[in-house]
Amino acid sequence: SYSGPVTDGQLVFTTETVGQTSERITAHDLSTGEVKWTAEWEGAITVPPYAMANGSWIKSTPTLAEGALVVLGMRDEVVCVEPTTGDIRWQADLAERFEARRPPFGGVCSPLIDDGSVYVMAGGATVKLSLADGSTTWTALADEGDEDDALSSPVIKTIAGKRQLVVQTRTRLCGVDLNDGRLLWSQRIEAYRNMNILT
């Protein structure tokens, strides 16, 4: 795994790629390290040969907020887990849903939870999902050309008096309306091979 752990103060949650077939999230007791539960799903990919030395391991750090634990898998599948039991509430394969190519290096974005919604850069776009059931509220910025796999994570910020989603795509830094996904502004960011990675 490349992802970081998250904790609610009692449990600590980690993710990992298992073999070359599936991904797993595990809850450990923060005091003892004892495994409390695991949840696993099919989801591994193999990165291109020139990147193979770095491994094909899950990259997205899970997000824990509003009573839910959400992670993006390597195949651009968003998985929502019940934090206390490990039960999978819903799964959303965004590459399949939006007929997008699967990211060659795997899903990278850490999901953002805010006010009953999940924001994630996956499936060839920036997407707002319902935290309750994973249904799509809107998609935005699905126009980045062939390099539509995101390498960073969105944040929410108030800019010029408006609370908005700030998104770093492969080519642009953008402000997106939280309610309808409308593009508010954008600024092209030049980078080697469009590798805009920093959040």
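Residues numbered from 1 in each chain as written. Predicted model: local features only at pLDDT ≥ 70, side-chain atom pairs only at ≥ 80, totals over all residues. Heavy atoms only, no water.

Asker: Got a minute to help me understand the overall build of the chain in this structure?
Answerer: Looking only at helices and strands, one finds 1 helix and 16 strands in the chain. Over its C-alpha trace the chain gives a radius of gyration of 16 Å, about what one expects of a compact globule, namely 16 Å for 199 residues. Each principal axis of the C-alpha atoms in the chain carries an extent, and together these give about 45 × 40 × 30 Å. In the chain, which comprises 199 residues, the share counted as buried stands at 51%. Counted over contacts in the chain with a minimum sequence separation of 6, partners at least 24 positions apart contribute 47%. (Helix = DSSP H or I, 4+ residues; strand = E, 2+ residues; numbered from the N terminus. Rg over C-alpha atoms; globule rule 2.2 N^0.38 Å. Buried < 20%, exposed > 50% of the residue type's maximum accessible area, 1.4 Å probe, protein only. Contact = heavy atoms within 4.5 Å.)

Asker: What exactly am I supposed to notice about the nonpolar core here?
Answerer: Across soluble globular proteins, nonpolar side chains have a tendency to be buried as a group. Counting 28 residues, the largest nonpolar core has Val70, Val78, Leu94 and Val120 as its most contacted members. In terms of residue count, the dominant contributor to this core is strand 10 (residues 117-122) (5 residues). Beyond its immediate chain neighbours, meaning those up to four positions away, Val78 contacts Val70, Val71, Leu72, Trp90, Gln91, Ala92, Leu94, Val120 and Leu129. Judged by nonpolar contacts, the second largest core, of 17 residues, contains Trp41, Val47, Met74 and Val81. (Core = buried A, V, L, I, M, F, W, Y, C linked by side-chain atoms within 4.5 Å.)

Asker: I would appreciate a short explanation of the sheet that holds strand 7 (residues 77-81) in the present structure.
Answerer: The strands that make up a sheet are held in pairs by hydrogen bonds between backbone atoms, and each pair lies either parallel or antiparallel. Reading across from one edge, 5-6-7-8 is the order of the 4 strands in this open sheet, with antiparallel pairing throughout. Single-partner strands in this sheet number two, and they are strand 5 (63-65) and strand 8 (88-93). Here the average twist between neighbouring strands, direction ignored, is 15°. (Pairing = 2+ DSSP bridges. Axes fitted to C-alpha atoms, helices over the stretch in contact; angles between N-to-C directions.)

Asker: Just checking my understanding: could you explain the sheet that holds strand 11 (residues 125-130) for this structure?
Answerer: The 4 strands are arranged 9-10-11-12 in an open sheet whose pairing can be described as antiparallel. In this open sheet, the two edge strands, each paired with only one partner strand, are strand 9 (112-114) and strand 12 (136-140). With strand direction ignored, the average angle separating the axes of adjacent strands in the sheet is 20°. Inspection of the sheet shows strand 9 paired to strand 10 by 3 bridges, in the antiparallel sense. Looking at strand 10, one finds that Asp114 is bridged to Ser117.

Asker: Sorry, what's going on with the pairing of strand 7 here?
Answerer: Strand residues, when the strand is regular, have side chains that alternate between the two faces of the sheet. Counting buried positions over the 5 residues of strand 7 gives 5, a clear majority of the element. Judged by which residues are buried, strand 7 turns out to be covered on both faces: Glu77, Val79 and Val81 on one side and Val78 and Cys80 on the other are all buried. Two strands pair when backbone bridges link them, and strand 6 (residues 68-72) and strand 7 are joined in this way by 4 bridges, in the antiparallel orientation. Paired with Leu69 across the two strands is Val81, which belongs to strand 7. The hairpin turn running from strand 6 into strand 7, its antiparallel successor, is 4 residues long, and Asp76 in that turn takes a positive phi close to 65°. Note: strand 7 against strand 8, 5 bridges, orientation antiparallel. Along strand 8, the bridge assignment pairs Val78 with Ala92. Hairpin geometry of strand 7 and strand 8 is characterised by an intervening segment of 6 residues between the two adjacent antiparallel strands and by a positive phi of about 85° at Gly86.

Asker: I tried to follow the state of the cysteines on my own but got confused; where do I start?
Answerer: Disulfide: a covalent bond formed between the sulfur atoms of two cysteine residues. Tallied over the full model, the rule gives 0 disulfides. Here Cys174 is not cross-linked by a disulfide; its sulfur's nearest cysteine counterpart is in Cys109, at 14 Å. Take Cys174: its relative accessible area is 0%, and that puts it in the buried class. (Disulfide = S-S within 2.5 Å.)

Asker: Please clarify how the environment of Leu198 should be interpreted in this entry.
Answerer: Summarising the element assignment, Leu198 is placed in the segment after strand 16 (183-188). Given the relative accessible area of 71%, Leu198 is considered exposed. Beyond its immediate sequence surroundings of up to four residues, Leu198 is in contact with Ser152 and Gln168.

Asker: So what exactly am I meant to see when it comes to the side chain of Asn196 here?
Answerer: Relative to the elements of secondary structure, Asn196 occurs in the segment after strand 16. For Asn196, a relative accessible area of 7% translates into the label buried. Among all residues touching Asn196, those that are not within four sequence positions of it are Leu151, Ser152, Gln168, Thr169, Arg170, Thr171, Ile189, Glu190 and Ala191.

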